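Remarks on the overall topology
These are the residues of each chain, in order.
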Amino acid sequence: MEAIREYLNNLFISLPETPEVLRAKAELLEMMEDKYEELIQEGKTEKEAIGTVISEFGNLEELAEELGIDIYLKKETKDSGTNKEESGSEPKNSEPAGAEKTRTVYCWGLEEARDYISYAWKHAEYIAIAVFLCICAPYVDCIMDGACAQGYISPMISNIIGTSGLFVMVAVAVSLFCVASGLKKRYGKLSRYCVLMDEKAGRYVGQKQAKDSQRRLTMRIVGISLCILSVVPSSVNYFSDLFLEEIVDSSVLPIAGVGVLFLVLSASVGNRYEELDKAVKNAGKVQGKTFQGAVWESAPKKGMSPAVILILVFIGFLVIGGNLLASLFFGASIKYEKISSVNEYNYADIRSLSVDMDAGDVEIRKSENPEDEQLRVEYSGASNRKPTVSCSGGRLQIKEPGRFHWFSFDLSFLRRSHWDRKLIIWVPEGLKDLDVQIDSDAGSVICADIYMKNLTMDVDAGQLEVDSCTVTGEASLDVDAGSADINNTFIGVLKGDVDMGDINCRLTSGTLAGYSMDLDVDMGDITINGENKGGSYKQTATSDQSGSGQPQRIQLEVDMGNIEIEAPVQ
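As the structure is a prediction and not an experimental result, all values here were calculated from the model.

A short note on the overall build of the protein chain
- Helix and strand counts for the protein chain come out as 13 helices and 22 strands.
- Taking as baseline every contact in the protein chain between residues at least 6 positions apart, the subset at least 24 positions apart corresponds to 69%.
- Counting every atom, the protein chain has about 28700 Å² of accessible surface; 54% of that belongs to carbon and sulfur.

A closer look at the packing of aromatic side chains
- A complete count under the given rule lists 6 aromatic pairs for this structure.
- Ring centres of Trp108 and Tyr116 lie 5.6 Å apart, and the angle between their planes is 50°; this geometry places the pair in the tilted category. You'll find Trp108 and Tyr116 in the same group, each marked buried.
- Aromatic pair Tyr152 and Phe243: ring centres 5.6 Å apart, planes at 80°, arrangement edge-to-face. Of this pair, Tyr152 sits in the loop between helix H6 (110-150) and helix H7 (155-187) while Phe243 is found in helix H10 (residues 242-249), placing the two residues 91 residues apart along the sequence.
- Note on Tyr152: relative accessible area 48%, which makes it partly exposed.
- An aromatic cluster is defined as three or more aromatic residues linked by ring pairs; in this entry it consists of Trp108, Tyr116, Tyr119 and Tyr187.
- Taking NZ or CZ as reference, Arg114 lies 5.5 Å from the ring centre of Tyr204, over its face.
- Over the aromatic face of Trp121 sits the side chain of Arg215, whose NZ or CZ is 4.4 Å from the ring centroid.

Observations concerning H7
- Here H7 spans 49 Å end to end across 33 residues, near enough to the 48 Å set by a 1.5 Å rise per residue.
- Trailing H7 by a residue or two, Gly188 shows a phi angle of about 60°, which is positive.

Some remarks on empty space enclosed by the protein
- As enumerated under the stated definition, the model contains 3 cavities of 30 Å³ or more in all.
- Sorting the residues of the lining of the largest cavity by element identifies strand E15 (490-500) and strand E21 (552-560) as the ones contributing at least two each.
- Looking at the lining of the largest cavity residue by residue, the classes come out as 6 nonpolar, 2 polar and 1 charged.

Observations regarding the packing of H6 against H7
- One way to put it is that H6 packs onto H7 with a least axis distance of 8 Å and a crossing angle of 170°. Between H6 and H7, the crossing angle belongs to the class labelled roughly antiparallel.
- Here the contact of H6 with H7 is built from residues that sort into 28 nonpolar, 5 polar and 6 charged.

Some remarks on the pairing of E21
- Counting buried positions along E21 gives 7 out of 9 residues, so the element sits mostly inside the fold.
- Looking at chain direction, strand E17 (residues 515-523) and E21 are connected through 8 bridges and run parallel. What sits directly across from Val521, in E21, is Val558.

Some details on the environment of Asp497
- Mapped onto the secondary structure, Asp497 falls in strand E15.
- We classify Asp497 as partly exposed; its relative accessible area is 30%.
- Sequence separation between Asp497 and Leu477 is 20 residues, and the spatial gap between their C-alpha atoms is 6.3 Å.

A closer look at the pattern of salt bridges
- This structure, assessed with the given rule, holds 12 salt bridges.
- Of the charged contacts in the structure, one is a salt bridge between Lys495 and Glu474, with a shortest N-O distance of 3.9 Å. Note that Lys495 is positioned in strand E15 and Glu474 in strand E14 (residues 470-487), a separation of 21 residues in sequence.
- The partly exposed category is assigned to Glu474, whose relative accessible area is 31%.
- Here the salt bridges share partners, and the residues they tie into one network are Lys184, Arg272, Glu275, Asp522, Glu557 and Asp559.

Let's talk about a negative patch on the surface
- Where like charges cluster on the molecular surface, the negative patch consists of Glu30, Asp34, Glu37, Glu38 and Glu42.
- Mapped onto the fold, Glu42 is located in the loop between helix H2 (19-41) and helix H3 (46-57).
- Glu42 gets classed as exposed once you look at its relative accessible area, which sits at 52%.

Comments concerning the environment of Leu396
- By secondary structure assignment, the location of Leu396 is in strand E9 (residues 395-399).
- On a C-alpha basis, the gap between Leu396 and Ser352 in space is 6.3 Å, while along the polypeptide they are 44 residues apart.

Here we look at the pairing of strand E8 (residues 388-392)
- Across 5 bridges, E8 lies against E9 in antiparallel orientation. Looking across to E9, one finds that Val389 is bridged to Ile398.
- Joining the antiparallel neighbours E8 and E9 is a turn of 2 residues, in which Gly393 adopts a positive phi near 60°.

Details of the side chain of Ser191
- Within the fold, Ser191 resides in the loop between H7 and strand E2 (194-197).
- What Ser191 contacts, discounting residues up to four positions off in sequence, is Glu275, Lys278, Ala279 and Asn282.

Points about a nonpolar patch on the surface
- Together, Ile224, Ile228, Leu229, Val231, Val232, Val236 and Tyr238 line one region of the surface with nonpolar side chains, adding up to about 730 Å² of accessible area.
- Among the elements that line the nonpolar patch, the one with the most residues is helix H8 (residues 199-229), at 3 residues.
- Note on placement: Tyr238 falls in the loop between helix H9 (232-235) and H10.
- With a relative accessible area of 74%, Tyr238 lands in the exposed category.

Describing the packing of H8 against helix H11 (residues 252-283)
- H11 packs onto H8 with a crossing angle of 155° between their chain directions and a minimal axis gap of 8 Å. The angle between the axes of H8 and H11 places the two elements in the roughly antiparallel class. By crossing handedness, the relation of H8 to H11 is classed as left-handed.
- Among the residues making up the contact of H8 with H11, the classes are represented as 16 nonpolar, 5 polar and 5 charged.

Thoughts on unusual backbone geometry
- Of note in this structure, Asn488 is not a glycine but carries a positive phi near 50°.
- The residue Asn488 is located in the loop between E14 and E15 in this model.
- Look at Asn488 and you get partly exposed, because its relative accessible area is 40%.
- With phi around 50°, Asn529 is a residue other than glycine that occupies positive phi space.
- When you line up the elements, Asn529 lands in the loop between strand E18 (526-528) and strand E19 (531-532).

Comments concerning the confidence of the model for the protein chain
- The share of residues in the protein chain with pLDDT of 70 or more is 74%, and the mean pLDDT across the chain is 77.
- Across residues 77-101, where pLDDT falls below 50, the model places 12 contacts with residues more than four positions away in sequence or in other chains.
- Scored below 50 in pLDDT, residues 287-294 makes 39 contacts in the model with residues more than four places away or belonging to other chains.

The rules behind each value
Residues numbered from 1 in each chain as written. Predicted model: local features only at pLDDT ≥ 70, side-chain atom pairs only at ≥ 80, totals over all residues. Heavy atoms only, no water. Helix = DSSP H or I, 4+ residues; strand = E, 2+ residues; numbered from the N terminus. Contact = heavy atoms within 4.5 Å. Areas by Shrake-Rupley, 256 points an atom, 1.4 Å probe, with all protein chains shown as cover. Phe/Tyr/Trp six-rings, centres within 6.5 Å; stacked < 30°, edge-to-face > 60°. Buried < 20%, exposed > 50% of the residue type's maximum accessible area, 1.4 Å probe, protein only. Lys NZ or Arg CZ within 6 Å of the ring centre and 35° of its normal. Expected span 1.5 Å × (residues − 1). 1 Å grid on protein atoms, 1.4 Å probe; cavity = no way out; pocket = protein on both sides within 12 Å on 5 of 7 lines; lining within 4 Å. Points joined across faces, edges and corners; volume = space filled by probe spheres on them. Nonpolar A, V, L, I, M, F, W, Y, C, P; charged D, E, K, R; others polar. Axes fitted to C-alpha atoms, helices over the stretch in contact; angles between N-to-C directions. Parallel < 35°, antiparallel > 145°, perpendicular 65-115°, else oblique. Pairing = 2+ DSSP bridges. Salt bridge = Lys/Arg side-chain N within 4 Å of Asp/Glu carboxyl O. Patch = residues over 30% accessible without salt bridge, like charges linked within 9 Å, V, L, I, M, F, W, Y side chains within 5 Å. Lys, Arg positive; Asp, Glu negative; His and termini not counted. Charge placed at Lys NZ, Arg CZ, Asp CG, Glu CD. Left-handed = near helix turned anticlockwise from the far one by under 90°. pLDDT = per-residue confidence, 0-100.

Encoded structure:
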């Protein structure tokens, strides 16, 4: 019931407190309470009843005449329009006359508020620990080098332990990044939603935010101090033992890593609180629109626990270690020759292109010969990794074979030749409106001089590059670790999500004002034409430069990294 009263207060917040308005407010509250009690008696839960009540009584414009306050509501609308005319500004989210925008208002109780605060800290902890492991990954290798230099261990043991330690720490870090990304999918970009909290939930969030603010300040002080003091041990290192000397010299990594851990933890939790604050404010700005009451999903979906991830990483390490030892001592590794192959297909039968690569480079380019009538697929690399190519139903699918041969002592994936693979797809100039989907685990992915309808690029670790292309529909770019570069490319709708890395957009078509933007960075900066915009930026297009009746839209999100956009001003 507190959520209903709070919502009603938001509806009437801009109206004068005249006797007529107060009477109408009391009548509406009574109707909402009666409906709420009726729904409870029908067996609805409290949150379901609140959502239904808000959905039925949320549009004050429809109820104004019945309540006798239509004159106040019209006056408020008129005054708002007069103020905008006098200021010479237009509303950012202007809509055609007669159009109504539907907003969903999510009702949060104490349980949802506690779930969100718990999520904020869990997400921050996973990200912070993963960053710490990435910073400390070379530490084991450095220590092993010192032990080898002092003669404590052999070079082979040093290489095995040092490389294995680096691999395990990076693998755990990547797993934690993935877990954090999975947690965030439940809430997404919360600041884009409307959240209405009842009195208990609001009080709980306020108390936690005040308490966590002090904790975050302490973390920032400790983190900055550790980063500054991390160089002290190495500067006063007087050990003559090479092993101890290397331990102290390399201690800058774990010390600075702990400092960065505290800084990342503090910043990430702060960002989650800011998103919730924006969502709560959004619920108070939707007066005069059409509402749909809803209840946020109760319990978050449980992801894979860190303990299970560590166990899986350990099992993988044992498998790789067993193969490595077998190869070193028994020479049982299998050798594969390097090959090159070319396949050609009639492009008239192709409407979509799907590429699934394990590791290696993928390039999609326009055919060098303008008169070429065949789509050509070129592969160079190890023969056992040659992808299969199939074409049916207008879809050309390119996919690599299975990745592992368990316990076969096949160490091809540890050799440089396994990674030194390239797939080039030459697309004829006459092939238009092509749907392209690329999925790569590791390596660079390049699209150049291609005309496409839709583009989807998903890379776990590597570089994305879209150069001089035309995408009439939507381009979706997803990178776990790496960067995404978009140069001289026309895209109707650009969506990008990078967990750790940068997004660089250099636009040469149209003007900056012609783009609608929604940009967000958790840890990093947004820069537009050299001007720093902070961690969040929104812009509504003032002109249609696409010629399709809809302005071009850019929606980018980065967890750790920067967003940089360059576009002509005029």
